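# Coordinates in review
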Amino acid sequence: HLAKTLFACDELAGFLTACALVKPTKSIQDVEVAGVRKKMKDKAFAKGVNREDVIKGAEELKVALDEHIAFCISAMRRDAEKLG
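This one's a predicted model, so the numbers in the text were calculated from it and none came from an experiment.

## Points about the nonpolar core
Residues Phe15, Leu16, Val31, Val36, Met40 and Ile69 are the most contacted members of the largest nonpolar core, which totals 19 residues. Breaking this core down by element, the ones donating at least two residues are α1 (2-21), α2 (33-41), α3 (51-61) and α4 (65-78). Top element by residues in this core is α1. It accounts for 6 residues. Look past the residues within four positions of Val36 in its chain and what remains in contact with it is Phe15, Leu16, Cys19, Val31, Ile69 and Ile73.

## Quick word on the state of the cysteines
The full count for this structure, using the stated rule, is 0 disulfides. A disulfide-free cysteine, Cys9 has its sulfur positioned 3.8 Å from the sulfur of Cys72, the nearest such atom. Here Cys9 falls in the partly exposed class, since its relative accessible area comes to 23%. With no disulfide partner, Cys19 has as its closest neighbouring cysteine sulfur the one in Cys72, 12 Å distant.

## What about the packing of α1 against α4?
Their axes nearest at 10 Å, the elements α1 and α4 cross at an angle of 70 degrees. Here α1 is positioned roughly perpendicular relative to α4, judged by the angle of their axes. Here α1 and α4 pass one another in a crossing that is right-handed. Touching Ala8, Cys9, Leu12, Ala13, Leu16 and Thr17 of α1 are His68, Ile69, Cys72, Ile73 and Met76, all from α4. Residue composition of the contact of α1 with α4, by class: 9 nonpolar, 2 polar and no charged.

## Regarding the packing of aromatic side chains
This structure, assessed with the given rule, holds 1 aromatic pair. Ring centres 5.5 Å apart and planes at 90 degrees place the aromatic pair Phe15 and Phe45 in the edge-to-face group. Of this pair, Phe15 sits in helix α1 while Phe45 sits in the loop between α2 and α3, placing them 30 residues apart in sequence. On the accessibility criterion, Phe15 (1% relative accessible area) is buried. Cation over ring: Lys39 sits above Phe45, and NZ or CZ is 4.7 Å from the ring centre.

Calculation criteria
Residues numbered from 1 in each chain as written. Predicted model: local features only at pLDDT ≥ 70, side-chain atom pairs only at ≥ 80, totals over all residues. Heavy atoms only, no water. Core = buried A, V, L, I, M, F, W, Y, C linked by side-chain atoms within 4.5 Å. Buried < 20%, exposed > 50% of the residue type's maximum accessible area, 1.4 Å probe, protein only. Helix = DSSP H or I, 4+ residues; strand = E, 2+ residues; numbered from the N terminus. Contact = heavy atoms within 4.5 Å. Disulfide = S-S within 2.5 Å. Axes fitted to C-alpha atoms, helices over the stretch in contact; angles between N-to-C directions. Parallel < 35°, antiparallel > 145°, perpendicular 65-115°, else oblique. Left-handed = near helix turned anticlockwise from the far one by under 90°. Nonpolar A, V, L, I, M, F, W, Y, C, P; charged D, E, K, R; others polar. Phe/Tyr/Trp six-rings, centres within 6.5 Å; stacked < 30°, edge-to-face > 60°. Lys NZ or Arg CZ within 6 Å of the ring centre and 35° of its normal.

Okay, here's the thing in structure tokens:
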């Protein structure tokens, strides 16, 4: 189960970081699920992130993609200071 969780969160964490860095505040605190979903459709944005892996990761955990994104945003927000 740990391997599935790491797979599901790895690519998404990188993508969420990229989403945060384009915000004026450069903060994960300002990243929202809708904005992440919109950015996922833009293939030029964070093109090194494999969107299929993000989607597949949520599927392997048996959670909806929006729920998975929200959970990861929340987790990153809690440790934002440590994560820089």
